[in-house]
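Listed below, chain by chain, are the residues.
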Amino acid sequence: MADGLRGRGVRHVEVCRDDLNLEAGKIVVCDLGLSGGFKLPSADLIVLSPAEIYGWRKLRRPKAASQVSARLRAHLPARTA
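Residues numbered from 1 in each chain as written. Predicted model: local features only at pLDDT ≥ 70, side-chain atom pairs only at ≥ 80, totals over all residues. Heavy atoms only, no water.

Here the focus is the overall build of the chain. Secondary structure summary: the chain contains three helices and four strands in total. Across the chain, helices and strands are ordered from the amino to the carboxyl terminus as α-β-β-β-β-α-α. A separation threshold of at least 6 residues defines the contact pool for the chain, and within that pool the share at least 24 residues apart is 19%. Carbon together with sulfur atoms contributes 54% to the accessible area of the chain, which is approximately 7600 Å² in total. (Helix = DSSP H or I, 4+ residues; strand = E, 2+ residues; numbered from the N terminus. Contact = heavy atoms within 4.5 Å. Areas by Shrake-Rupley, 256 points an atom, 1.4 Å probe, with all protein chains shown as cover.)

Our focus in this paragraph is the environment of Leu45. Within the fold, Leu45 resides in strand E4 (residues 45-47). Here Leu45 falls in the partly exposed class, since its relative accessible area comes to 27%. Through-space distance from the C-alpha of Leu45 to that of Leu22 is 9.2 Å; in sequence the pair is 23 residues apart. Not counting residues up to four positions away in its chain, the partners in contact with Leu45 are Leu22, Phe38, Lys39 and Leu40. (Buried < 20%, exposed > 50% of the residue type's maximum accessible area, 1.4 Å probe, protein only.)

Taken as a whole and judged by the stated rule, the model has five salt bridges. Its salt-bridge partner being Arg17, residue Glu14 comes within 3.8 Å of it at the nearest N-O pair. A salt bridge links Lys26 to Glu23; the shortest N-O distance between them is 3.3 Å. A relative accessible area of 31% means that Lys26 is categorised as partly exposed. Where salt bridges share partners, they join Glu14, Arg17, Asp19, Glu23 and Lys26 into one cluster. (Salt bridge = Lys/Arg side-chain N within 4 Å of Asp/Glu carboxyl O.)

Structure representation (structure tokens):
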């Protein structure tokens, strides 16, 4: 994600390390697996999820139409000529 932000012209982006040091004006990218972000105004901290940054959510892909139709045909009565 850090490279993606840098590629979009965002400056001062760092990747999270064990010795996390938050500084004003820096963006630190950490893989926390959050479903949503939050704000801590008293700490002047904003945490965003990938969905909030990129405007997307990871969705389950629908099954291929051929798989669905094969399952449906298995439950239909056989055709007679």
